[in-house]
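Working through the structure, step by step
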Amino acid sequence: MNLYLDLKENSYDIVIEPGVLSRADQHLRLDRKVLIVTDDGVPSAYAEGLAKLCREPFIMTVPQGEDSKSIRIWESLLKAMLEHGFKRTDAVVAVGGGVVGDLAGFTAASFMRGVDFYNIPTTVLSQVDSSIGGKTAVNFCGIKNIVGAFYQPKKVLIDTDLLQALPRRQITNGLAEALKMAACFDADLFGLFEQEDPFCHLPQIIEASLRIKKAVVEKDEKEGGIRKALNFGHTIGHGVESFEQLHGLYHGECVALGMIPMCSEEVRERLVPILEKMGLATTIDLDREKVLSAMLHDKKATEGGVTCVLCEKIGSFELKKMDADALFERLSKIEKHL
Ligand code: GLY
């Protein structure tokens, strides 16, 4: 099945098909130099299989994890492209999760002012959310995504067969981002999470999430308005994520925690049981001062506070600026009392 993300001259197809990675040459232009960026947590057979379909492939495998979204690793990818004589007509392909997609996308955006970029996401998180919409970035000076560009891929291949290899915790991590979209935009999808076992409905959840995100990005590519709602759970989520002692938590797990304080009581009463059913933490042992300070350093913070996404009613959202006192108060909703 194909979805078409309509952004005028930056439009592209999202191909959703089990097994599509093995047929990538039917969808992507691989008869040129292709830098394949992957990480050492992704089965190496994925990048190697893709390389066999390329005329001149170069695989770059970065260490798994957020630390690879760095200027140093971005520089090493650009260097490899220079050393291998890449031209503006060549291409970069990401084969991996959100980190690989953001890093490879920014490399494609910046090399010679932009070469073709294809994304083949291999995790639930990247298949439901980060692989489409054109956000690319690396972290810098301890601030997430502070150096980057909006740079749309030329095509995205969603191979749902790849999810079979994922540990359950990785799947849950991605489902948290799908639940975020359901809460703000799609009461029916939220109902599916509530009434069914979401692990048994992955293809349906991926497609529904991609449809939501596509519609949002088509309305607001550069996050001037409605796209901000895709950051539901992220203000507190990023604060928790960057708090040193909690580095063991995955991004989606932090977003799940971050949604809880940003809901009405009515929404929270429905959200928390879903998170519990999925095995996600709903409280955490945290230092509110430290998490608050990380939130106020987020790139979305301004002098008057941080614009937060609130979900007062399932299927809808509001944007509200919150100052430090209000955020501090909200954090108490997820604070574990030992
Ligand atoms: N992941 C949120 C966005 O792409 O806007």
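Up top you'll find the structure we're talking about.
Keep in mind the model is a prediction, meaning the values are calculated, not measured.

Observations regarding the overall build of the protein
Within the protein one finds 12 helices and 12 strands. Relative to the 2.2 N^0.38 estimate, which gives 20 Å for 338 residues, the radius of gyration of the protein is 19 Å and therefore close to what a compact globule would have. In terms of its C-alpha atoms, the protein occupies a principal-axis envelope of roughly 55 × 40 × 40 Å. Looking at the 338 residues of the protein, the share that counts as buried comes to 58%. Partitioning the intrachain contacts of the protein with sequence separation of at least 6 by distance along the chain shows that 71% fall at a separation of at least 24.

A short note on the packing of aromatic side chains
Scanning the model with the defined rule gives three aromatic pairs in all. Above the ring of Tyr 250, the side-chain terminus of Arg 169 is found at 3.8 Å from the ring centroid. The ring of Phe 328 has Arg 288 lying over it, and the distance from NZ or CZ to the ring centre is 4.3 Å.

What to know about helix H10 (residues 265-277)
For H10, which comprises 13 residues, the first-to-last C-alpha distance of 19 Å matches the rise-based estimate of 18 Å (1.5 Å per residue) to within 8%. Against helix H5 (168-185), helix H6 (187-195) and helix H9 (251-259) lie the buried residues of H10. Positioned one or two residues after H10, Gly 279 has a phi angle of 85°, which is positive.

Considering the site of the ligand
Around the ligand sit Asp 129, Lys 135, Lys 213, Glu 223, Arg 227 and Leu 230, and those are all the residues in its vicinity. Within the side chain of Asp 129, a nitrogen or oxygen atom sits 3.1 Å from a nitrogen atom of the ligand. A distance of 3.0 Å separates an oxygen atom of the ligand from a polar atom in the side chain of Lys 135. Against a free-state accessible area of 200 Å², the protein chains account for coverage of 88% of the ligand. Counted by class, the shell around the ligand contains one nonpolar, no polar and five charged residues.

Some words on the sheet that holds strand E1 (residues 2-5)
Within the open sheet, the seven strands sit side by side as E1-E2-E9-E6-E5-E3-E4. Their pairing is mixed. Either end of the sheet is taken by a strand with one partner, and the two such strands are E1 and strand E4 (56-62). Looking at each pair of strands side by side, their axes are set apart by 15° on average, direction ignored. As paired strands, strand E2 (residues 12-16) and strand E9 (residues 155-158) are joined by four bridges and run parallel to one another. Across the sheet, residue Val 15 finds its bridge partner in E9, namely Leu 157.

Focus on the state of the cysteines
A full pass over the atoms with the stated rule returns zero disulfides. Cysteine Cys 184 shares no disulfide, and the gap to the nearest cysteine sulfur, in Cys 311, comes to 5.0 Å. We note that Cys 308 lacks a disulfide partner, and the nearest cysteine sulfur, in Cys 184, lies 12 Å from it.

So, the packing of H5 against H9
Close contact between H5 and H9 brings their axes to 7 Å; oriented N to C, the two are set at 40°. By the angle between their axes, H5 is oblique relative to H9. You can see that H5 and H9 cross each other, and the crossing is left-handed. Listed contacts from H9 to Arg 169, Asn 173, Ala 176, Glu 177, Leu 179 and Lys 180 of H5 are His 251, Gly 252, Glu 253, Val 255, Ala 256 and Met 259.

Quick notes on a negative patch on the surface
A cluster of acidic residues, Glu 266, Glu 269, Glu 312 and Glu 318, forms a negative patch at the surface. Here Glu 269 lies in helix H10. You can call Glu 269 exposed: its relative accessible area is 57%.

Details of the packing of helix H2 (residues 71-83) against helix H3 (residues 98-110)
Contact pair H2 / H3: the axes reach a minimum separation of 10 Å and the direction vectors enclose 50°. Taken together, H2 and H3 sit at an angle that is classed as oblique. Between H2 and H3 lies a crossing of right-handed hand. Residues Ile 73, Trp 74, Leu 77, Leu 78 and Met 81 of H2 lie in contact with H3, whose contacting residues are Leu 103, Phe 106, Thr 107 and Ser 110.

Conventions used here
Residues numbered from 1 in each chain as written. Predicted model: local features only at pLDDT ≥ 70, side-chain atom pairs only at ≥ 80, totals over all residues. Heavy atoms only, no water. Helix = DSSP H or I, 4+ residues; strand = E, 2+ residues; numbered from the N terminus. Rg over C-alpha atoms; globule rule 2.2 N^0.38 Å. Buried < 20%, exposed > 50% of the residue type's maximum accessible area, 1.4 Å probe, protein only. Contact = heavy atoms within 4.5 Å. Phe/Tyr/Trp six-rings, centres within 6.5 Å; stacked < 30°, edge-to-face > 60°. Lys NZ or Arg CZ within 6 Å of the ring centre and 35° of its normal. Expected span 1.5 Å × (residues − 1). Near = heavy atom within 4 Å. Polar contact = N/O pair within 3.5 Å; in protein donor to acceptor, adjacent residues only side chain to side chain. Areas by Shrake-Rupley, 256 points an atom, 1.4 Å probe, with all protein chains shown as cover. Nonpolar A, V, L, I, M, F, W, Y, C, P; charged D, E, K, R; others polar. Pairing = 2+ DSSP bridges. Axes fitted to C-alpha atoms, helices over the stretch in contact; angles between N-to-C directions. Disulfide = S-S within 2.5 Å. Parallel < 35°, antiparallel > 145°, perpendicular 65-115°, else oblique. Left-handed = near helix turned anticlockwise from the far one by under 90°. Patch = residues over 30% accessible without salt bridge, like charges linked within 9 Å, V, L, I, M, F, W, Y side chains within 5 Å. Salt bridge = Lys/Arg side-chain N within 4 Å of Asp/Glu carboxyl O. Lys, Arg positive; Asp, Glu negative; His and termini not counted. Charge placed at Lys NZ, Arg CZ, Asp CG, Glu CD.

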